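# Residue-level structural notes
What follows is each chain in one-letter form.
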2 protein chains.
Amino acid sequence: MFTLRIVSAVVGAPLVLLAAWLGGWLLLGLVAVLLCVAFVELMALMKQPRPPRVLVLAGGVILLAGAYLSEGDYFPGSAVVLFLVLCLASLVLFYPRFSPQACAATVFTTLYPGLLIYLYLIRLLPEGWMWALFTLATTWTFDSVAYLVGKWWGRHQMTPVLSPGKTVEGFCGGVAGSLLAAFVFHLFFAAPAVWVWLVLGGMVAVAAQLGDLASSVIKRFADAKDAGNVIPGHGGVLDRFDSMLLTAPLVYHAVQLFSAGG
Amino acid sequence: MFTLRIVSAVVGAPLVLLAAWLGGWLLLGLVAVLLCVAFVELMALMKQPRPPRVLVLAGGVILLAGAYLSEGDYFPGSAVVLFLVLCLASLVLFYPRFSPQACAATVFTTLYPGLLIYLYLIRLLPEGWMWALFTLATTWTFDSVAYLVGKWWGRHQMTPVLSPGKTVEGFCGGVAGSLLAAFVFHLFFAAPAVWVWLVLGGMVAVAAQLGDLASSVIKRFADAKDAGNVIPGHGGVLDRFDSMLLTAPLVYHAVQLFSAGG
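Predicted model only: the values in this text are computed from it and were never measured.

### Focus: the overall build of chain A
For chain A, the helix and strand inventory stands at 11 helices and two strands. Order of helices (α) and strands (β) in chain A, N terminus to C terminus: α-α-α-α-α-α-α-β-β-α-α-α-α. In terms of overall size, chain A behaves like a compact globule, its C-alpha atoms giving a radius of gyration of 19 Å where 262 residues would be expected to give roughly 18 Å. Principal-axis analysis of the C-alpha atoms places the extent of chain A at approximately 60 × 45 × 30 Å. Expressed as a percentage of its 262 residues, the buried residues of chain A come to 55%. For chain A, the exposed surface amounts to about 11,300 Å²; the carbon and sulfur share of it is 71%. Chain A carries 13 positive and 11 negative side-chain charges, and their two centres are separated by 10 Å.

Next comes the structure, spelled out in structure tokens:
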């Protein structure tokens with residue numbers, strides 16, 4: 001299992017890095033594929049009431065188109081509104097088969113994995129490749145180091161009820177890993193001061209842990225261990241990218257605020 | 001009841017018009033008040049699972065702040081994301097008391113009435129007062145004429161299962177009313193050509209009807225006749241502004257697209 005996990009990472013990570021480096025349609029395509037898989041996984045977890053597949057997929061298309069048209073300037077709020085209106089129209093058109101509760105589940109099932117489009121938006125920022133690489137590197141370092149430290153030295157459970165496998169030692173290791181990764185960026189890139197890199201790295205670690213726990217809650221409520229099994233040894237897209245769903249928006253908005261202020 | 005309805009309209013409509021004319025903080029304040037009432041009404045309708053009050057109110061504050069900071073350039077997508085992240089964090093912090101289904105209900109209960117901030121965004125457009133007045137006039141004309149024509153001459157039910165009181169005659173009357181109101185705008189304002197006014201008026205009528213029916217679905221599922229009773233003779237904010245929730249975004253984006261194209 002552990003070997004499988006490493007093999008998957010060695011094959012998968014370069015693919016994601018390549019798409020992030022090339023950017024444009026290729027990256028948008030990768031985000032679209034990840035989004036589709038994440039939708040299928042979350043729809044299965046959000047049963048009772050289950051969101052209709054067609055509507056969630058339409059939402060994905062609307063969000064991707066919105067991200068493309070926004071040219072990286074902002075998260076496409078108008079796409080969110082268009083999708084919300086589509087859901088409200090479906091309430092009327094499919095009455096009484098589509099309940100307001102199912103409508104709410106549909107909106108959530110679309111918007112939550114929809115945060116993945118930030119990977120594409122980050123790439124469109126000035127020096128987007130650097131920020132995309134930073135997001136991937138700090139998030140993955142957090143995930144991997146937290147996993148390994150927790151596995152080898154973990155003693156004190158962090159969230160005994162929600163996710164017994166997570167330990168305080170693992171979290172601290174992950175934070176140290178993210179900070180180290182951020183410091184490496186300081187050595188290679190002159191632009192922001194060292195403290196900016198470190199603050200960002202620390203914030204990414206906290207966001208990564210929160211993202212990981214949020215998807216754990218959803219899996220717990222559905223009595224599922226993993227969200228899927230498309231990535232051998234890692235589970236599903238929602239298992240592997242749950243941290244990124246929160247770290248990507250964080251980095252994007254932090255960079256935007258910092259650019260606007262400085 | 002009918003007299004009460006008219007008295008309310010004669011008192012309420014000028015207040016809304018005044019706030020729309022003055023714009024700025026006063027209009028934002030009015031939207032905030034309407035939003036709060038709509039939240040309370042929708043929370044009561046979305047019981048099972050009921051969205052937590054604090055979170056919905058926090059979402060309202062985030063959306064209003066986003067609208068204020070956007071300066072009318074776009075619907076604040078980053079505010080939506082911030083609110084979504086807050087909901088995901090609540091999943092973790094309040095585990096296991098806050099379920100993913102309640103989380104979804106919370107997101108929907110906030111975003112749907114949240115469309116009201118378009119009233120404020122419209123006012124910030126170039127010639128915002130004209131567009132705000134147009135939105136209010138065409139939507140209210142549709143609502144009133146559809147109600148009166150349906151009451152007096154309505155024979156053919158439009159949605160017998162969902163809302164037996166609505167008739168095809170009422171809808172057609174409402175469309176005629178909206179078109180007439182749009183034509184009056186053509187007489188007063190030179191800017192867009194007459195066909196633009198009429199197309200917009202027709203689209204507003206359809207959106208108003210859809211918005212009205214969407215809130216009917218939610219009330220139906222909750223076995224409620226009205227969403228509230230704050231406006232004597234009209235019901236709640238969600239009863240009186242349900243059409244506006246769809247017409248305001250429509251006018252805003254139509255004007256933006258039209259300005260970008262022309």
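### Considerations on the interface of chain A and chain B
The interface of chain A with chain B comprises 41 residues on the first partner and 41 residues on the second. Taken together, both faces of the contact between chain A and chain B bury some 3,600 Å²; the carbon and sulfur share is 88%. Summed over the shared surface of chain A and chain B, the result is zero salt bridges. Connecting chain A to chain B are zero residue pairs in polar contact (both at pLDDT 80 or more). Looking at the side of chain A that touches chain B, the elements with two or more residues in it are α4 (77–93), α5 (100–114), α9 (194–221) and α11 (244–261) of chain A. If one sorts the elements of the side of chain A that touches chain B by residue count, α4 of chain A sits on top with 10 residues. The class makeup of the residues in the side of chain A that touches chain B is 33 nonpolar, six polar and two charged.

### Let's talk about the packing of aromatic side chains
All names here are of chain A. Evaluation of the coordinates by the stated rule reveals 29 aromatic pairs over all chains. With centroids separated by 6.5 Å and ring planes inclined at 35°, the aromatic side chains of Phe 189 and Trp 197 adopt a geometry described as tilted. By relative accessible area, Trp 197 is classed as buried at 0%. Grouped by ring-pair contacts, the aromatic residues Trp 131, Phe 134, Phe 185, Phe 189 and Trp 197 constitute a single cluster. The ring of Tyr 147 is capped by Arg 5, whose NZ or CZ atom sits 3.9 Å from the centre of that ring.

### A look at the pairing of strand β2 (residues 163–167) of chain A
In the case of a regular strand, side chains alternate between the two sheet surfaces. All names here are of chain A. As defined by bridge partners, strand β1 (residues 157–159) adjoins β2 across two bridges and the pair is classed as antiparallel. Paired with Gln 157 across the two strands is Thr 167, which belongs to β2. What sits between the antiparallel neighbours β1 and β2 is a turn of three residues.

### Here's the deal with the pattern of salt bridges
Residues and elements named next belong to chain A. Scanning the model with the defined rule gives eight salt bridges over all chains in all. Between Asp 239 and Lys 219 there is a salt bridge whose closest N-O contact spans 2.6 Å. Of the two residues, Asp 239 sits in helix α10 (residues 237–240) while Lys 219 sits in helix α9, which places them 20 residues apart along the sequence. For the pair Asp 239 and Lys 219, a shared accessibility class is recorded, and that class is buried. Of the charged contacts in the structure, one is a salt bridge between Asp 226 and Lys 225, with a shortest N-O distance of 3.9 Å.

### As for the relation of the copies chain A and chain B
Superposing the two chain copies requires a rotation about an axis and a translation along that axis. Mapping chain A onto chain B leaves a residual RMSD of 0.0 Å; the transformation is a rotation of 180° accompanied by 0.0 Å of translation along its axis. Viewed as a symmetry operation, the transformation between the two copies matches a two-fold axis. By C-alpha distance to the rotation axis, the residue of chain A lying nearest is Gly 77 of chain A, at 1.8 Å. When the interface residues of chain A are mapped onto chain B, 100% of them are again interface residues, pointing to one common binding face.

### Focus: the packing of helix α8 (residues 168–188) of chain B against helix α9 (residues 194–221) of chain B
Packed helices, taken two at a time, are described by their axes: the angle between them and the distance between them. Residue and element names in this part refer to chain B. Relative to each other, α8 and α9 sit at 145°, their axes nearing to 8 Å. Crossing of α8 over α9 shows right-handed handedness. Of the residues in α9, those touching α8 at Phe 171, Val 175, Ser 178, Leu 179, Ala 182, Phe 183, Phe 185 and His 186 are Val 194, Trp 197, Leu 198, Gly 201, Gly 202, Val 204, Ala 205 and Gln 209. Partitioning the contact of α8 with α9 into residue classes produces 11 nonpolar, five polar and no charged.

### Let's talk about unusual backbone geometry
Cis geometry is adopted by the peptide bond preceding Pro 49 of chain A, which originates at Gln 48 of chain A and carries an omega value of -5°. For Gln 48 of chain A, which is not a glycine, the phi torsion comes out positive at approximately 70°. Looking at the secondary structure, you find Gln 48 of chain A in the loop between α2 (24–45) and α3 (53–70). For Gln 48 of chain A, a relative accessible area of 69% gives the class exposed. We note that Glu 127 of chain B has phi near 55°; this positive angle belongs to a residue other than glycine. With respect to the secondary-structure elements, Glu 127 of chain B resides in the loop between α6 (117–123) and α7 (128–153).

### Quick look at the layout of surface pockets
Residue and element names in this part refer to chain A. Approximately 990 Å³ is the volume found for the second largest pocket. Arg 5, Tyr 147, Lys 166, Asp 212 and Lys 225 are, among the 37 residues lining the second largest pocket, the residues nearest its centre. Of all the secondary structure elements, the ones that give two or more residues to the lining of the second largest pocket are α1 (2–22), α7 (128–153), β2, α8 (168–188), α9 and α10. Among the elements that take part in the lining of the second largest pocket, α7 stands out by supplying six residues, more than any other. Taken together, the residues of the lining of the second largest pocket break down into 12 nonpolar, 13 polar and 12 charged.

Thresholds, definitions, all that
Residues numbered from 1 in each chain as written. Chains lettered and ligands numbered in written order. Predicted model: local features only at pLDDT ≥ 70, side-chain atom pairs only at ≥ 80, totals over all residues. Heavy atoms only, no water. Helix = DSSP H or I, 4+ residues; strand = E, 2+ residues; numbered from the N terminus. Rg over C-alpha atoms; globule rule 2.2 N^0.38 Å. Buried < 20%, exposed > 50% of the residue type's maximum accessible area, 1.4 Å probe, protein only. Areas by Shrake-Rupley, 256 points an atom, 1.4 Å probe, with all protein chains shown as cover. Lys, Arg positive; Asp, Glu negative; His and termini not counted. Charge placed at Lys NZ, Arg CZ, Asp CG, Glu CD. Contact = heavy atoms within 4.5 Å. Buried area = accessible area lost by both parts, 1.4 Å probe. Salt bridge = Lys/Arg side-chain N within 4 Å of Asp/Glu carboxyl O. Polar contact = N/O pair within 3.5 Å; in protein donor to acceptor, adjacent residues only side chain to side chain. Nonpolar A, V, L, I, M, F, W, Y, C, P; charged D, E, K, R; others polar. Phe/Tyr/Trp six-rings, centres within 6.5 Å; stacked < 30°, edge-to-face > 60°. Lys NZ or Arg CZ within 6 Å of the ring centre and 35° of its normal. Pairing = 2+ DSSP bridges. Least-squares fit on C-alpha atoms with pLDDT ≥ 70 in both. Axes fitted to C-alpha atoms, helices over the stretch in contact; angles between N-to-C directions. Left-handed = near helix turned anticlockwise from the far one by under 90°. 1 Å grid on protein atoms, 1.4 Å probe; cavity = no way out; pocket = protein on both sides within 12 Å on 5 of 7 lines; lining within 4 Å. Points joined across faces, edges and corners; volume = space filled by probe spheres on them.

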